[in-house]
Every structure is written in structure tokens, then in C-alpha cells.
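The chain contents come next:
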Amino acid sequence: MTETKLKIALQKSGRLSEDSHNLLKKCGIGFGSGTGKLRSEAQNFPLEIYFLRDDDIPEYVADGVADIGIVGENVLAESRKNVEIVEKLGFGKCRLSLAVPKNFQFGSVKDLAAKRIATSYPNILRDFFQKNEISAEIHTISGSVEIAPSIGLADAVCDLVSSGSTLFTNGLREVETVLNSEAVLIARPNLDETARKILEKLLFRIKSVKAAAQNKYILLNAPNDKLDEITRFLPGIKSPTVMPLAETGWSSVHSVINENDFWEIVENLKNAGAEGILVLSIDQMIQ
Ligand code: ATP
Ligand code: ZN
């Protein structure tokens, strides 16, 4: 009997490829992905990998050619496909924004009424205009949207932005966010029980990797008479580990801290007398 495998669709080459690959690697799933490869099998997990253009991923998953996939919410929303978002993945963050030429007098989105807007996301943009009760002319183009105003093809654009530098170089100013996006794990509807079980196993690992990314492992040396004060700043998973150092009167303290509070905690620890503070990243955190 052949083993059932879950089929996952990943972007072949592009902004999501490396992060998708790394995520699976941190989940302990290794596979080959040489150039030109369209399909691969994981060595140590029941997973078969398809490498595709990102735009095709929602359709492949909705049609059941693949069981699950990793794709940007922007592509998913534009595709209108019936798939389930299983987990947000925290990478590939960007936003779909409206941008106008620098000299465009922009007060609110109402100023875009009757204007020509170039975009690769006509479905999302149409919904946005409908919600805002604006009637504008949407021009769908598949790439290099940002040059449309300068060649006279459009009055404004609706395009993906992360830093904003591409817009800036093209004399455009971001004026309104239409959609915030990040990479998501999607699944086809009606996965059978075996496939669902493999997905749950994968999801457990993904959540451990995500939790680890938000936390840091911290080690420090503390004089014993300052231990109470120092450990108060370190909640840990249960509570910090305290071990005696070879030098009398000193202890080594280990704990886990949230990345968001990181600098504040380190400053407090230093002020409280901690020395030799080391901060390490965590690969997986099982909760
Ligand atoms: P493909 O050849 O697979 O169709 P593509 O050129 O359409 O690739 P990429 O530019 O690789 O797509 O972007 C893939 C996804 O990365 C986007 O759909 C989006 O979700 C995300 N992304 C993150 N930051 C940005 C950005 N600054 N510009 C464009 N996409 C971004
Ligand atoms: Zn694409």
C-alpha cells in the first residue's frame, strides 16, 4: 500500500519562496528544490511539494490538485477561490495601496472618482470602490503598474507596497491602504481524514516555529543578593531557572522572554545588577 501524502503548493521562485522553504526546514521537513524542478518529495514527512507561480496556487488548492498551499492574502483575495485559511505565517508582509502622482491634489479617496486607476488587483479594487461608493475606471495590467501614470496610462495606481521605495522612485505617493497582506497557509475544502491528520501534524510544528520566532532565550549572571529583583523581570515559561555558578555568591539565570519586551527587560536587568547577559534565538518552542 502506498503511503498517503499531503500535497503542498509553494511559490516556485519569488518573494515567498525562500521563507516558505525555510519554514518547512525549521519544521524538520527537508526536500530538494533545484532549479527547474516542478515537484519534490519530502524525505522525512508525508509531504509532496509542487512548485508553482503564486497566482495559480489558490486555484490548484481549490480544485484539489494540491491539498494545501502557501500564498499571499493579496493573491488569495483577488482569486475569489473557495479555500480555508488555516494559519497566518508572519512573512511576506506587504499592503495593497492606492498611490497618486506627487502633484495630485489628494484629500480623500473621493478624489479618485472618475479617475483611471491601474492595478493588477481589479477584483479587490472594485470591491473597495463599491464599499466607498466611488465610481472610477479600473485599468487591469499585469506588471509594472507603477509606471502607468508617467506614461499617461492612468491617473493613479493600486499596487503592492512594502517599503514604499518603488513608489517613491516613480514619483508616486501612497495615500490609502486597501488591504494588508501576509503569507497564509491555505487548505482545500473537504480534506479527508488522513490528509487532515497530516495537516494537523504540520500545523503543530508551524505553530512551534512561529512561537519560537516571537521569543528569545536569555542567560545572565546575577549576584545572589540581587536574585529576587532580577527574577522579577523574568517570567519564563513557568519561572526562570536559577543555578549556582562555580564562583560563590553568584548564580546563572535562564529564561524565555518575548521579543517585543526584549530591550526594556534587558535594561531593567542591567540596572538590577545582571552581568554577562546572552540572548539566543529559539528554533522551536513546543506549547
Ligand atoms: P510569480 O512568478 O510566482 O507569479 P510574482 O512576481 O507574482 O511571482 P512576487 O513579486 O514574488 O510575485 O511576490 C509574491 C508575493 O510576495 C506577493 O503576492 C505578496 O504577497 C508578497 N510581497 C511581499 N512584499 C511585497 C512587495 N514589496 N511587492 C510585491 N509583493 C510582495
Ligand atoms: Zn504572481
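Residues numbered from 1 in each chain as written. Chains lettered and ligands numbered in written order. Predicted model: local features only at pLDDT ≥ 70, side-chain atom pairs only at ≥ 80, totals over all residues. Heavy atoms only, no water.

J.: Please clarify how the overall build of the protein chain should be interpreted in this entry.
T.: Secondary structure assignment for the protein chain yields eight helices and 15 strands. Computed over the C-alpha atoms, the radius of gyration of the protein chain is 25 Å, more than 25% above the 19 Å expected from 2.2 N^0.38 for a compact globule of 287 residues. Dimensions of the protein chain, computed from C-alpha atoms along their principal axes, come out at roughly 75 × 60 × 35 Å. Going through the 287 residues of the protein chain one by one, you find that 44% of them count as buried. For the protein chain, the proportion of contacts with a sequence separation of at least 24, taken over those separated by at least 6, is 68%. Within the structure as shown, the protein chain displays about 15600 Å² of accessible surface, and the carbon and sulfur contribution to it stands at 47%. Averaging the positions of the 33 positive and the 38 negative side-chain charges in the protein chain gives two centres separated by 3 Å. (Helix = DSSP H or I, 4+ residues; strand = E, 2+ residues; numbered from the N terminus. Rg over C-alpha atoms; globule rule 2.2 N^0.38 Å. Buried < 20%, exposed > 50% of the residue type's maximum accessible area, 1.4 Å probe, protein only. Contact = heavy atoms within 4.5 Å. Areas by Shrake-Rupley, 256 points an atom, 1.4 Å probe, with all protein chains shown as cover. Lys, Arg positive; Asp, Glu negative; His and termini not counted. Charge placed at Lys NZ, Arg CZ, Asp CG, Glu CD.)

J.: Is there a simple way to explain the coordination of the zinc ion (ligand 2) in this structure?
T.: Six octahedral donors at a metal ideally form angles of 90 or 180 degrees, and four tetrahedral donors ideally form angles of 109.5 degrees. Taken together, Asp54 (OD) and Asp55 (OD) make up the full set of protein donors to the zinc ion (ligand 2), lying 1.9 to 2.1 Å away. What the four donor atoms of the zinc ion (ligand 2) show is an angle range of 74 to 173° at the metal, which sorts the shape as irregular. Asp55 gets classed as partly exposed once you look at its relative accessible area, which sits at 42%. (Donors = N, O, S within 2.8 Å, 3.2 Å for Na, K, Ca; no water. Tetrahedral: all angles 85-135°; square planar, octahedral: opposite > 155°, others 65-115°.)

J.: Is there a simple way to explain a nonpolar patch on the surface in this structure?
T.: Taken together, the side chains of Ile147, Ile151 and Leu153 make up a nonpolar region of the molecular surface, amounting to roughly 260 Å² of accessible area. Checked against the element boundaries, Ile151 lands in the loop between strand E8 (137-140) and strand E9 (156-161). Of the residues examined, Ile151 reaches a relative accessible area of 58% and is grouped as exposed. (Patch = residues over 30% accessible without salt bridge, like charges linked within 9 Å, V, L, I, M, F, W, Y side chains within 5 Å. Salt bridge = Lys/Arg side-chain N within 4 Å of Asp/Glu carboxyl O.)

J.: Before we go on, may I ask you to explain the site of ligand 1 in this structure?
T.: Gln11, Arg15, Asp55, Asn74 and Ser162 are the nearest of the 15 residues found near ligand 1. Contacts to ligand 1 include Asn74, whose side-chain N or O atom sits 2.7 Å from an oxygen atom. Within the side chain of Ser162, an N or O atom sits 2.7 Å from a nitrogen atom of ligand 1. In isolation ligand 1 exposes 620 Å². Once the protein is present, 77% of that is buried. Partitioned by chemical class, the residues of the shell around ligand 1 number four nonpolar, six polar and five charged. Summarising the domain contributions, the shell around ligand 1 has at least three residues from each of domain 1 (6-91 + 182-212) and domain 2 (94-181). (Near = heavy atom within 4 Å. Polar contact = N/O pair within 3.5 Å; in protein donor to acceptor, adjacent residues only side chain to side chain. Nonpolar A, V, L, I, M, F, W, Y, C, P; charged D, E, K, R; others polar. Domains from an automatic or database assignment.)

J.: Please explain the environment of Lys93 as it appears in this structure.
T.: Within the secondary structure layout, Lys93 lies in the loop between strand E5 (84-88) and strand E6 (94-101). Residue Lys93 is classed as exposed on the basis of its relative accessible area of 55%. Residues Lys93 and Pro223, 130 residues apart in the sequence, show an inter-C-alpha distance of 43 Å.

J.: Help me out: how do you make sense of the side chain of Glu48 in this one?
T.: One can find Glu48 in strand E3 (residues 47-52). Side-chain polar atoms of Glu48 contact the side chain of Arg39, separated by 3.1 Å. Residues within four places of Glu48 in sequence aside, it is in contact with Lys5, Leu6, Lys7, Ile8, Arg39, Ser40 and Glu41.

Bear in mind that shape data such as this cannot, by itself, settle questions of function.
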